[in-house]
Amino acid sequence: SLNMKKIFSLIPLAVVMMLSTTAKASADTPGMSWTWRDSKLSHNQCVDKAENAIRDAGFGNNVEVVGTAPDNSIFGTNDDYRAAIRCVTDKKIVLFLVTGDGSDSGKLQRRLVNSFIGK
């Protein structure tokens, strides 16, 4: 199970994601969806896989790697949503987050996870 320390370590990423999402006039409710998976990947494998998953899941705009090993976040966007995969390989977990102005964040976050895992 995820302990409180891990949960609180996610808060800064969530705040950055919310603040960096472009605000625009929309009748849709802002959405945010996140989850994590255990991972035994090396750091470089995780970052490479995350960059590919971001693009494959449809977030190929403005792809960038932020942070320093062993804790990097990989960001990408599409027209309405921003996605992030955070490789925390020293803790053997990978975090997935999608946020944006709409109700599809959950569906898109599952697509992101599936792109990463290869399902």
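Structure: see above.
Report follows, based on the coordinates. (Residues numbered from 1 in each chain as written. Predicted model: local features only at pLDDT ≥ 70, side-chain atom pairs only at ≥ 80, totals over all residues. Heavy atoms only, no water.)

1. A word on the pattern of salt bridges
Just so we agree on the cut-off: Should a side-chain nitrogen of Lys or Arg be within 4 Å of a carboxyl oxygen of Asp or Glu, the pair is scored as a salt bridge. Helical segments are the DSSP runs of H or I of at least four residues, strand segments are the runs of E of at least two, and each set is numbered from the N terminus. Only protein chains enter the calculation, and the probe is 1.4 Å; a residue is then buried if its accessible area is under 20% of its type maximum, exposed if over 50%, and partly exposed in between.
Scanning the model with the defined rule gives two salt bridges in all. Across the salt bridge formed by R86 and D71, the nearest N and O atoms sit 2.9 Å from each other. Taken together, the residues span a long stretch of sequence, with R86 in strand β4 (residues 81-88) and D71 in strand β3 (residues 71-77) at a distance of 15 residues. What makes D71 partly exposed here is its relative accessible area of 27%.

2. Details of the packing of helix α2 (residues 43-56) against helix α3 (residues 105-117)
Working note: a packed helix pair is described by the angle between its axes plus the distance between those axes. The line we're drawing: Only the stretch in contact is used when a helix axis is fitted, and all axes are lines through C-alpha atoms; the angle between N-to-C directions ranges over 0 to 180 degrees. Roughly parallel means an angle under 35 degrees; roughly antiparallel, over 145; roughly perpendicular, 65 to 115; everything else is oblique. If you view the pair so one helix is near and one far, a crossing is left-handed when the near helix is turned anticlockwise from the far one by less than a right angle, and right-handed when it is turned clockwise. Should any heavy atoms of two residues lie within 4.5 Å, those residues are considered in contact. When residues are sorted by character, Ala, Val, Leu, Ile, Met, Phe, Trp, Tyr, Cys and Pro go into the nonpolar class, Asp, Glu, Lys and Arg into the charged class, and all the rest, Gly among them, into the polar class.
Between α2 and α3, the least distance of the axes is 8 Å, while the angle of their chain directions is 135°. As summarised for this structure, α2 and α3 are arranged oblique, according to the angle between their axes. Classified by chirality, the crossing of α3 by α2 is right-handed. Residues C46, K49, A50, A53, I54 and D56 of α2 pack against L112, S115, F116 and I117 of α3. Looking at the contact of α2 with α3 residue by residue, the classes come out as seven nonpolar, one polar and two charged.

3. Re α2
For clarity, the cut-off: Expected helix span is given by 1.5 Å per residue-to-residue step, counting one fewer step than there are residues. Regarding the arc, it is the one traced by the directions from the helix axis to the C-beta atoms.
Along its 14 residues, α2 runs 20 Å from first to last C-alpha, staying within 8% of the 20 Å computed at 1.5 Å per residue. Among the residues of α2, those classed as buried are H43, C46, V47, A50, A53 and I54. Taken down its axis, α2 places every buried residue within 130° of arc, on the same side. Turned more than 90 degrees away from the buried face of α2 sit N44 and D56, all of them exposed. Turning to α2, the residues buried within the fold contact β2 (61-68), β3, β4, β5 (93-101) and α3.

4. As for the state of the cysteines
Operational definition: We call a pair of cysteine sulfur atoms a disulfide when they lie within 2.5 Å.
For the structure shown, the criterion picks out one disulfide. Put simply, C46 and C87 are joined by a disulfide, and their sulfur atoms are 2.1 Å apart. Taking the sign of the S-S torsion, -90° for the link of C46 and C87, the bridge is left-handed. With C46 in helix α2 and C87 in strand β4, the pair connects residues that are 41 residues apart, well separated along the chain. Of the two residues, C46 and C87, both sit in the buried class.

5. Looking at the side chain of S39
Applicable threshold: Under the rule applied, a polar contact is a pair of N or O atoms within 3.5 Å (in protein, one hydrogen donor and one hydrogen acceptor; residues adjacent in sequence only if both atoms are side-chain atoms).
With respect to the helices and strands, S39 occurs in the loop between β1 (30-38) and α2. At a separation of 3.2 Å, a polar atom in the side chain of S39 contacts the main-chain amide nitrogen of L41. Apart from the residues within four sequence positions on either side, S39 is in contact with K92, I93 and V94.

6. A short note on the pairing of β4
For a regular strand, side chains alternate in direction, first toward one face of the sheet and then toward the other. Using the following cut-off: Pairing between two strands is assigned when DSSP locates at least 2 bridges connecting them.
For β4, a buried count of eight out of eight residues is recorded, marking the element as mostly surrounded by other parts of the structure. Where burial is concerned, the two faces of β4 agree: the one with Y81, A83, I85 and C87 and the one with R82, A84, R86 and V88 are both buried. In the sheet, β3 pairs with β4 via seven bridges, with the strands oriented antiparallel. Considered in β4, the bridge of S73 is made with R86. Counting the residues between successive antiparallel strands, the hairpin from β3 to β4 contains three residues. Two elements, β4 and β5, share eight bridges in a ladder whose sense is antiparallel. Directly across from I85, in β5, lies its bridge partner F96. Counting the residues that bridge the hairpin from β4 to β5 gives four residues, and of these K92 lies at a positive phi of roughly 60°.

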